[in-house]
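# Structural overview for review
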Amino acid sequence: MRHFLKKMNPRLATTVMLAWGCLVVIVFLKNSHTEYPQSSAPMLSQVTLNDLRNFIHLMNIKQLVYNTHKKVSVDLVIVVQVHDRLPHLQQLIRSLSLASGINNTLLIFSHDVYQPYINSAIHNITFAKTMQIFYPLSVQMYPDEFPGPSLQDYLDDDWRNATVTQLKHHWWWTSNFVFNRVRILHDYSGPVLFLEDDNYLTPDFIHCLFLMRDHASTCPSCRFLVLGTAKQGHLIPSDYNAVIVKSNLENYGVALNRSTWHEVSKYGEFFCKFDDYRWVASLTHAVRQLISSDPTTMALALPRVARTTSCGSLSTRKSCRLVKSFRQFPTFFTTKTVEVESADVSHGGWTNSRDQILCMGM
């Protein structure tokens, strides 16, 4: 091989070597997926960090779609931000499998960590088309240098936590990738629903999302549809067909379409420079540059999403009663209240100039 490469044009030789290296990684990882090992040690210990970076780069380029044998239209795109929380991800997948209309969705899982056991849980999905993308600038990919943790993090006056800042970077990268680079969605103009891997959904969440989209004609400035709110302490069963119109976003299943994304992304600097590590608060800040005074969000008064990281055991349903107890599949919605929030309040964690520059570069 070396003798052969010496006779080549240097640029061509470099290309061949890169292609050969990527092929070796793909073959190795493909074989490693055969039995989906429960432990990541055997596989990840046998590849270098550069190999893993190259594999992730190729996966983002190839954009493989699984379960394509399902000859159905894609009416909804669901994007899941995946971290290293397998038990919660398994609960989410279970709730998705029970949802009415899930066959007509494309599930995009966006990872900030590569783990075989997480891949296995996703590869076992048979009820919808799926795709995996990988955040290429994660702490796992850069464990000793920016944008991962580095010595500079502790020398700067604006001290940073790479694991925390990654949350905002990951969502912003994912949104740009889904709306601008996923080829299968080039002509798709429907809603894109963003979920977290610790979400648990009711069987009627898709039904409610589309019903809420129809009801949004009563609020022309409402660009976002949200499946719930954090104020779940006083749930009223009769609110099963009510929505709340408000001016701030909450991370309980946020849906938007491509036209809204293109509007908001023009104000990306306000997202990237807002001193808040939470992507949903930063997105609210950016949206308010576009829509300064009117409500921007329509949220379900009776949430169709719970968080398994905060609601206790799903087997007892103590704090997740909504997934079992309340009436579902309403035929219409009414607007319960209109809430206009005050000025944005920063929660900090996002003052480092390197994070701001990286974010704007995405």
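See the structure printed just above.
Residues numbered from 1 in each chain as written. Predicted model: local features only at pLDDT ≥ 70, side-chain atom pairs only at ≥ 80, totals over all residues. Heavy atoms only, no water.

## Quick notes on helix α5 (residues 86-97)
Stated precisely, the cut-off is as follows: Note on conventions: DSSP H or I runs of at least 4 residues are helices, E runs of at least 2 residues are strands, and numbering of each starts at the N terminus. Between the first and last residue of a helix there are one fewer steps than residues, each counted as 1.5 Å, and that sum is the expected span. Exposure classes here rest on a 1.4 Å probe applied to the protein chains alone. A residue is buried below 20% of its type maximum, exposed above 50%, and partly exposed in between.
The end-to-end C-alpha distance of α5, which contains 12 residues, comes to 16 Å, matching closely the 16 Å that a straight helix rising 1.5 Å per residue would cover. Leu86, Leu89, Leu92, Ile93, Ser95 and Leu96 are the residues of α5 that are buried.

## Points about the state of the cysteines
Rules: Cysteine sulfur atoms that come within 2.5 Å of each other are treated as a disulfide pair.
With the rule as written, the count across this model stands at two disulfides. Each disulfide pairs two cysteine sulfurs, and for Cys219 the partner residue is Cys222, the sulfurs being separated by 2.1 Å. Here Cys219 and Cys222 share a disulfide; its torsion about the S-S bond, 70°, makes the bridge right-handed. Each disulfide pairs two cysteine sulfurs, and for Cys272 the partner residue is Cys359, the sulfurs being separated by 2.1 Å. Since a negative S-S torsion denotes a left-handed disulfide, the Cys272-Cys359 link at about -70° is left-handed. In this pair, Cys272 sits in helix α11 (residues 268-273) while Cys359 sits in helix α13 (residues 353-361), placing the two residues 87 residues apart along the sequence. With respect to burial, Cys272 and Cys359 carry one shared label: buried.

## Some points on the packing of aromatic side chains
As a reminder, the rule being used: Aromatic rings from Phe, Tyr and Trp, taking only the six-membered ring of Trp, are treated as a pair when their centres fall within 6.5 Å; an angle between ring planes under 30 degrees marks them as stacked, one over 60 as edge-to-face, and anything in between as tilted.
This structure, assessed with the given rule, holds 14 aromatic pairs. Pairing Tyr114 with Phe134 gives two aromatic rings, centres 5.5 Å apart and planes at 40°, and the pair type is tilted. Of this pair, Tyr114 sits in the loop between β3 (105-111) and α6 (116-123) while Phe134 is found in strand β4 (residues 129-134), placing the two residues 20 residues apart along the sequence. Of the two residues, Tyr114 and Phe134, neither departs from the other in class, the shared state being buried.

## Overview of the environment of Leu185
Within the secondary structure, Leu185 is located in the loop between α8 (162-180) and β5 (192-196). A relative accessible area of 4% places Leu185 in the buried class. Separated by 73 residues in sequence, Leu185 and Arg258 place their C-alpha atoms 10.0 Å apart.

## Digging into the pattern of salt bridges
Note the cut-off: The salt bridge definition used is simple: a Lys or Arg side-chain nitrogen within 4 Å of an Asp or Glu carboxyl oxygen.
Using the criterion set out here, one finds 13 salt bridges in the structure. In this structure, Glu145 and Arg53 form a salt bridge, with 3.8 Å as the shortest nitrogen-oxygen distance. Here Glu145, found in the loop between β4 and α7 (152-155), pairs with Arg53, found in helix α4 (residues 49-62); they are 92 residues apart in sequence, far enough to count as distant. Between Arg278 and Asp276 there is a salt bridge, and its shortest N-O distance comes to 2.9 Å. Through salt bridges with shared partners, a single network forms among Arg85, Asp197, Asp198 and Arg307.

## So, the pairing of strand β2 (residues 76-82)
Put simply, the rule reads: Strand pairing is defined by DSSP finding a minimum of two bridges between the two strands. Think of it like this: strands point away, you trace from the first strand over the helix to the second, and a clockwise trace means the crossover is right-handed.
By the criterion of burial, β2 is predominantly enclosed, with seven of the seven residues buried. The two faces of β2 match: Leu76, Ile78, Val80 and Val82 on one face and Val77, Val79 and Gln81 on the other face are all buried. For β2 and β3, the ladder comprises seven bridges, and the chain directions are parallel. Bridge pairing links Leu76 to Thr105 in β3. The parallel pair β2 and β3 is bridged by α5, and the resulting crossover is right-handed.

Everything listed here is a matter of geometry and, on its own, says nothing about what the molecule does.
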